[in-house]
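Commentary on secondary and tertiary structure
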Amino acid sequence: MNFSVRCDSHSYRLPGLLRCARVVLWGVLVVLPLMPATARAGKLPEVVSVERQPLVAATKRLVEALNYAGTPLPPADVARLATAYAEKKDAVAVKAIQAVLDRYSLVGVHINAESRVKVAEGAAPRQLVQQGWRTFLVKVHNEAGVTARLVANSPQALPVYMRGQGSRQRPQSKAKLVQPSDVGQRFLDIALFNRQPLKPTLSGLELEYRILQLYSRDVGRREAKLSFHVGQGTQDLGFRSEVAVLFDCVPAVEVSLGVRDIDGRPTTAAFVIRDSRGRVYPNPARRLAPDFFFHNQVYRADGESVHLPPGEYSIELSRGPEYEVQRRRLVVPSGVASHRANFQLVRWVHPATRGWFSGDHHVHAAGCAHYDSPTEGVTPADMMRHILGEDLNVGCVLSWGPCWYSQKQYFEGRTSALSRPQYLMRYDVEVSGFPSSHAGHLCLLRLSEDDYPGTKLIEEWPSWTLPVLDWGKQQGGVVGYSHSGWGLALPDYTADGKRQFVNYRRVPTGWKGRAADKLPDYAMPPFDGIGANEFIVTVAHDVCHFISAVDTPSVWELNIWYHTLNCGFRSRISGETDFPCIYGDKVG
């Protein structure tokens, strides 16, 4: 009998009876404390030149730290340590402490008298868990009395994503970034526990133990090269400061999520999943689209799943501002390959039933918080998932300067075929990072053509906004300015009733000015930003349909708009997030 275990985009078939036995065993191991060595495991050299009293004190703090980290030692080993603490002979006590702790040490770090670092494999079982953290000890023999921070590295823990530099128009051609072929090798995440009750640095004692936490994205056998140092240049020669460890990454439980809307229909929602230590799952450091690394939440539709090690989790469930945020406890059992968790969403308001639909006309699939590699931004399917998960009826994904030449492939000049009933997505353009940017960034919506006539490069576009807006309007587009308040600041009121501009990014110490709060305001803005700088010109030429609001100070946005309304012009105002630039927590 066989069955499949799925891990991300891979599936593995294993003999069913054997696999079932392993799943039960591994599930138990996940929820037990630290795993001691087996008879086959390696042995680290015993350290004899250490005084008993500080070693006992450090060991007691280590035990406290393991409890705090959620991986306590088994009671039998705590009792053995207590016996060692009470031992009358110093040498026997030191030896007994090492006999207990060495069994949990994945590696031993030897710092010689010249502060050179050498690493050897320890006795702990080489076992990780898919999509979860495992805790090990590091035995440190510190002959040099070094008091620097111990640093752990691994090429398998290098980033799975990177951002480019500069304008990021063609980021992968301008810098050496993460390639798709790199991602499979980078399955690991590393954390040394340096918080209280431990010290952030080595104590200088001849012997101490540090806590090492390792996360595996994958399931199966994986090799990782672990290296340690106490400052650049302290690594020993001949690769002796690193060790290759072959891990067995046991499968997590596949948790299938049932997600139902208020009418019982299947839908998509946002899940923030944390363990008892507050760690977020899946680990953001190993995420790629459709899960965004700069979010805590992931979006899952009814019937989709997440992989979680056995244990207890807190779940925060949401679906945009029209739904209540729910918090639940989830227990993932051990000894099973899969588990089902059902969730019922709760609305508190439904404006769409009254003809009011939610929309965000300014979101991005590249640039700002997004990565530029292993892909230049994310795909339409990724963006649609987030639009659905936030119950956003209309989402306008705007290609702009960063990754322009790769993202513009998704422009169709029509509503995306990925759209759903009541949920529409279009790809259009923000004129940002273009020659006219100094005069204001533009949102060009409902375009049929995304290249300005006669241009092939961004640098060939017009250097002011009126001709671009006119071109967009002439092709049936809806056009206006982005994040309108930037550059339209108003001066503060000072104590003597005068007006004075202040740099809100560097407010002077003791500044007591009062921000502008009346509309309309007849003070003259500086017109020096990337907002609606040329709006008062282009609205008079009848080529600007709207200005954007919500993502810059409201009085700056509304003031310029009120003035034009009072002059008889009837442009609209529309809310936006500029996701993930001004607002990055979610679309909409």
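The paragraphs below set out a description of the structure included in this document. Just so we're clear, the structure is a prediction, and the values are computed from it rather than from any experiment. (Residues numbered from 1 in each chain as written. Predicted model: local features only at pLDDT ≥ 70, side-chain atom pairs only at ≥ 80, totals over all residues. Heavy atoms only, no water.)

Concerning helix H9 (residues 465-474)
- In terms of burial, H9 is largely enclosed, as 7 of its 10 residues are buried.
- Turning to H9, its buried residues number three or more, namely Thr465, Leu466, Pro467, Val468, Leu469, Trp471 and Gly472.
- Where H9 is buried, its residues contact strand E22 (424-431), strand E23 (442-445), strand E24 (478-481) and helix H10 (535-538).
- Just downstream of H9 lies Gly476, where phi reads positive at about 85°. (Buried < 20%, exposed > 50% of the residue type's maximum accessible area, 1.4 Å probe, protein only. Helix = DSSP H or I, 4+ residues; strand = E, 2+ residues; numbered from the N terminus. Contact = heavy atoms within 4.5 Å.)

What about the packing of aromatic side chains?
- Per the stated rule, a full pass over the model turns up 22 aromatic pairs.
- Plain terms: the ring middles of Tyr452 and Trp471 are 5.3 Å apart, the flat faces sit at 65° to each other, and that makes the pair edge-to-face. Residue Tyr452 is located in the loop between E23 and H9, and its partner Trp471 is located in helix H9; the two are separated by 19 residues in the primary sequence.
- Residue classification places Tyr452 among the buried residues on the basis of a relative accessible area of 18%.
- Residues Trp461 and Trp471 carry aromatic rings whose centres are separated by 5.5 Å and whose planes lie at 90° to one another, so their mutual orientation is edge-to-face. One end of the pair, Trp461, is in the loop between E23 and H9; the other, Trp471, is in helix H9, and 10 residues separate them in sequence. With respect to class, Trp461 is no different from Trp471; both count as buried. (Phe/Tyr/Trp six-rings, centres within 6.5 Å; stacked < 30°, edge-to-face > 60°.)

Some thoughts on the nonpolar core
- The biggest cluster of nonpolar side chains holds 29 residues, and the ones touching the most others in it are Leu226 and Phe228.
- Counting residues per element, the ones that place at least two in this core are strand E3 (105-111), strand E4 (117-121), strand E6 (132-142), strand E8 (188-193), strand E9 (207-216), strand E10 (220-229) and strand E11 (242-250).
- Beyond its immediate stretch of four places on either side in the chain, Leu226 contacts Leu106, Val107, Asn153, Ser154, Leu188, Ile190, Ser241, Glu242, Val243, Val245 and Phe247. (Core = buried A, V, L, I, M, F, W, Y, C linked by side-chain atoms within 4.5 Å.)

Brief notes about the pairing of E4
- Looking at chain direction, E3 and E4 are connected through 5 bridges and run antiparallel. When the sheet's bridge partners are listed, Ile111 is paired in E4 with Val117.
- In this structure, the hairpin formed by E3 and E4 is closed by a connection of 5 residues, where Ser115 is found at a positive phi of approximately 65°. (Pairing = 2+ DSSP bridges.)

Structural notes on the sheet that holds strand E5 (residues 127-129)
- Here 4 strands make up an open sheet; going across it, the order is E5-E11-E10-E7 and the pairing mixed. Two strands lie at the open edges of the sheet, namely E5 and strand E7 (151-153), each paired on one side alone. Across the sheet, the mean angle separating the axes of adjacent strands is 40° when strand polarity is ignored.
- Note: E7 against E10, 3 bridges, orientation antiparallel. Bridging across to E10, Asn153 finds its partner in Ser227. (Axes fitted to C-alpha atoms, helices over the stretch in contact; angles between N-to-C directions.)

Structural notes on the side chain of Asn112
- Checked against the element boundaries, Asn112 lands in the loop between E3 and E4.
- In this structure the side chain of Asn112 is engaged in a polar contact, spanning 2.9 Å, whose partner is the backbone nitrogen of Glu114.
- Filtering out sequence-adjacent residues up to four positions away, Asn112 remains in contact with Glu143 and Ala144. (Polar contact = N/O pair within 3.5 Å; in protein donor to acceptor, adjacent residues only side chain to side chain.)

Here we look at the sheet that holds strand E20 (residues 359-363)
- Strand order in the open sheet formed by 7 strands is E20-E21-E22-E23-E24-E27-E28, with mixed pairing between adjacent strands. For this open sheet the edge positions go to E20 and strand E28 (572-575), each flanked by a neighbour on one side alone. The sheet shows a mean angle of 30° between the axes of neighbouring strands, taken without regard to direction.
- As paired strands, strand E21 (residues 394-399) and E22 are joined by 6 bridges and run parallel to one another. In the sheet register, Leu398 faces E22, and the bridge partner there is Asp428.

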